[in-house]
Amino acid sequence: MLKTLDNGVRLIAQPLPSYNSFAVGIWVKTGSTCEQPKENGISHFIEHMLFKGTEKRTAKQIAVDMDKIGGQINAFTSKECTCYHARVVPDKLEVAIDVLADLFTSPQLDPVELEKEKGVVLEEIAMVNDNVEELAHEKISELYFSGSTLSQPILGTAENVSSFTRDDLLGYINMHYYPANVVVAAAGKYDEQRLLDAVQKYLGHYSRGYKKEKDSCESRFVPRPRSLFVEKDVEQTHLCLAFPGCTFADDDRFALAVLNNVLGGGMSSRLFQTIREEKGLAYSVYSYPSSYSYAGMFTLYAGTTAANADTVVHLMKQEIDRLRTERISQEDFQQGKDQLKGNYVLSMEGTNAVMSALGKTLLLLDEVYDEQENLAKIDAVSLDRVNALIDEIFDYTRMSAVFAGKIEKKKEIESFLEGLNGQAGEHIQISEHV
């Protein structure tokens, strides 16, 4: 079912009658990419504040109303969207939509609660800074996407969060939480008319702001060779290398996913087998793609002792260069493709997974999610296309690198990085103590 309400809110739903649950989410097209520098972190902070009470429910009552029906309610903020979602047994469908719509449309944003919640979010920011692996992933995104709002952290900065006022939150909500920027997604066991009636009842009269069309939060950037060293008093060095990736709309993302499986996407991958199994230099080593509406990034990660950081980087380059010279064999290609297909099918098992796919695809691409179509796109991936991507992705002149934790061989690593991408022009090196 796909329907646009009179106020511009879009509803998309997929029946899954064999399931005994119902998942629903209210999606809004705003996240850290839509924020001005002084606003950075406000999307995430608003997500927190919407659970702190409404005109008819206290924060506790929101929790009680869901707990007493055995339901689950939560939310998340990403770089490009925010989602408030719930999962309940099918006959409690209306309760889930009522509670979600209430916190979404009528938040109190109480100034006292606002000040308390600042402390919660500041602790969340501190928690990321204390987790060096997570910090390394945050910093590689910030570094690689420099010049774009994609570089902004979802949590924002402590300085920004400390300064937010109720008027700041209301202004941002009015700017971005308008009906045409909202999608309601649902999946599971439900009666279609009952679902439509509930959404119409609780969101059909929703009105905020003056805009009629959806926002575009794109900000262009040019990948350049950059490196960042973040020194922390820990035992390990956490390192990330980032290369260009594929956008969320690009069908090449399926070919890139196959390439990822071969290089670092599992226990049989080349990075895992070489760096962990053969050399014993890391417990955690892997690669992963990140796809957004207008840009993408492909990242290699390892956590190792400071004394071995330079060796691990050399081994990563060795595996990349082997891909560039030898390409991928038919056998490795087929294994990577089968792995992708199996992982994809398993990842879509569940009402929450289908609801999320429906909401994200409609919100960001204005398209209807189709699992069978995606499976067909995976089947269509060819070995030639995957091998062609190797040259497009692994361009050292557009690579960023982050080293976070204990830094011992900085000069050796800097020299190595300069040798890789120095011909591209200025190589930016930044050291930072956190």
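Being a predicted model, the structure only gives us computed values, none of them experimental. (Residues numbered from 1 in each chain as written. Predicted model: local features only at pLDDT ≥ 70, side-chain atom pairs only at ≥ 80, totals over all residues. Heavy atoms only, no water.)

Let us now look at the overall build of the chain. Secondary structure summary: the chain contains 16 helices and 12 strands in total. Scaling as 2.2 N^0.38, a compact globule of 434 residues should have a C-alpha radius of gyration of about 22 Å, and the chain matches this with 23 Å. On the principal axes, the C-alpha backbone points of the chain span a range of 60 × 50 × 35 Å. A fraction of 83% describes how many contacts in the chain between residues 6 or more apart in sequence connect residues 24 or more apart. A total of about 18600 Å² of accessible surface is found on the chain, and carbon and sulfur atoms cover 48% of it. Here the chain contributes 45 positive and 64 negative side-chain charges, whose respective centroids are spaced 2 Å apart. (Helix = DSSP H or I, 4+ residues; strand = E, 2+ residues; numbered from the N terminus. Rg over C-alpha atoms; globule rule 2.2 N^0.38 Å. Contact = heavy atoms within 4.5 Å. Areas by Shrake-Rupley, 256 points an atom, 1.4 Å probe, with all protein chains shown as cover. Lys, Arg positive; Asp, Glu negative; His and termini not counted. Charge placed at Lys NZ, Arg CZ, Asp CG, Glu CD.)

So, on to the packing of aromatic side chains. Scanning all chains against the criterion turns up 15 aromatic pairs. Measuring from ring centre to ring centre gives 5.0 Å for Tyr144 and Phe145, while their planes differ by 80°; the resulting arrangement is edge-to-face. Comparing Tyr144 with Phe145, the two get one shared label, buried. Taking the centre distance of 5.2 Å and the plane angle of 75° together, the rings of Phe243 and Phe394 count as edge-to-face. Taken together, the residues Phe243 in strand β8 (residues 236–244) and Phe394 in the loop between α15 (383–393) and β11 (400–405) connect sequence positions 151 residues apart. (Phe/Tyr/Trp six-rings, centres within 6.5 Å; stacked < 30°, edge-to-face > 60°. Buried < 20%, exposed > 50% of the residue type's maximum accessible area, 1.4 Å probe, protein only.)

Next up on the list: the nonpolar core. Phe243, Ile275, Leu300, Met316, Ile328, Phe394 and Phe403 are the most contacted members of the largest nonpolar core, which totals 71 residues. Ignoring sequence-local partners within four residues, the contact set of Phe403 consists of Leu228, Phe229, Val230, Thr237, His238, Leu239, Val313, Ile413 and Leu417. Counting 52 residues, the second-largest nonpolar core is a separate cluster that includes Phe22, Ile69, Val182 and Ala198. (Core = buried A, V, L, I, M, F, W, Y, C linked by side-chain atoms within 4.5 Å.)

When you tally the buried positions in β8, you get eight out of nine residues, the bulk of the element. Bridge count between β8 and β11: six bridges; the pairing is antiparallel. Opposite Cys240, over in β11, you have Val402 as the bridge partner. (Pairing = 2+ DSSP bridges.)

Looking now at the environment of Cys81. Here Cys81 is to be found in the loop between β4 (72–77) and β5 (82–88). Residues Cys81 and Lys52 lie 29 residues apart in sequence; the distance between their C-alpha atoms is 20 Å. When neighbours within four sequence positions are excluded, Cys81 is seen to be in contact with Trp27, Val28, Thr30, Gly31, Phe76 and Leu363.

Interaxial distance between helix α12 (residues 330–347) and helix α14 (residues 371–380) falls to 10 Å at its minimum, and their mutual angle equals 170°. Our classification of the angle between α12 and α14 gives roughly antiparallel. Taken together, the residues of α14 that come into contact with α12 (itself represented by Lys337, Leu340, Lys341, Tyr344 and Val345) are Glu371, Asn374, Leu375, Ile378, Asp379 and Ala380. For the contact of α12 with α14, the per-class residue count stands at six nonpolar, one polar and four charged. (Axes fitted to C-alpha atoms, helices over the stretch in contact; angles between N-to-C directions. Parallel < 35°, antiparallel > 145°, perpendicular 65-115°, else oblique. Nonpolar A, V, L, I, M, F, W, Y, C, P; charged D, E, K, R; others polar.)

This paragraph deals with the packing of helix α1 (residues 42–49) against helix α7 (residues 166–176). Two quantities define a packed helix pair, namely the angle between the axes and the distance from one axis to the other. Remark: α1 packs on α7, axes separated minimally by 10 Å, with the N-to-C direction vectors making an angle of 100°. As summarised for this structure, α1 and α7 are arranged roughly perpendicular, according to the angle between their axes. Within the contact between the two elements, α1 uses Ile42, Ser43, Phe45, Ile46 and Met49 and α7 uses Asp168, Leu169, Tyr172 and Ile173. For the contact of α1 with α7, the per-class residue count stands at seven nonpolar, one polar and one charged.

The sheet built from six strands is open, its strands ordered β1-β2-β6-β3-β5-β4 with mixed pairing. Edge positions in the sheet fall to β1 (2–4) and β4, since each of these pairs with one other strand and no more. Averaged over all pairs of adjacent strands, the angle between strand axes in this sheet comes to 15°, irrespective of strand direction. Strand direction decides the pairing type here: β4 and β5, joined by six bridges, are antiparallel. The residue bridging Thr77 from the neighbouring strand is Thr82, located in β5. Contacting β4 and β5, α1 runs over the sheet at an angle of about 165° to β4.

This part takes up the environment of Thr299. Among the structural elements, Thr299 can be located in strand β10 (residues 296–305). Classification of Thr299 by relative accessible area gives buried; the value is 0%. Measuring from C-alpha to C-alpha, the distance between Thr299 and Ala242 comes to 4.4 Å, with 57 residues separating the pair along the chain. Residue contacts for Thr299: discarding those within four places in its chain leaves Ile140, Cys240, Leu241, Ala242, Tyr286, Ser287 and Tyr288.

What follows covers the environment of Lys279. Examined against the element boundaries, Lys279 turns out to sit in the loop between α10 (270–278) and β9 (285–291). Considered as a pair, Lys279 and Val312 are 33 residues apart in the sequence and their alpha carbons are 9.4 Å apart. Among all residues touching Lys279, those that are not within four sequence positions of it are Thr274 and Leu315.

Another point: the side chain of His238. The topology assignment puts His238 in strand β8. For His238, a relative accessible area of 8% gives the class buried. Separated by 2.7 Å, the side chains of His238 and Tyr301 make a polar contact. Filtering out sequence-adjacent residues up to four positions away, His238 remains in contact with Val132, Glu133, Ala136, Tyr301, Ala302, Gly303, Val402, Phe403 and Ala404. (Polar contact = N/O pair within 3.5 Å; in protein donor to acceptor, adjacent residues only side chain to side chain.)

So, on to the pattern of salt bridges. Scanning the model with the defined rule gives 29 salt bridges in all. Note that Asp102 is salt-bridged to Arg57, the shortest N-O span being 2.9 Å. Of the two residues, Asp102 is situated in helix α3 (residues 93–105) and Arg57 in the loop between α1 and α2 (59–67); the sequence distance between them amounts to 45 residues. Arg57 sits in the buried class, given a relative accessible area of 10%. A salt bridge links Asp321 to Arg324; its shortest N-O distance comes to 3.9 Å. A residue pair is termed a helical-turn pair when its members lie 3 or 4 positions apart in one helix, as Asp321 and Arg324 do in helix α11 (residues 309–326) at three residues. (Salt bridge = Lys/Arg side-chain N within 4 Å of Asp/Glu carboxyl O.)

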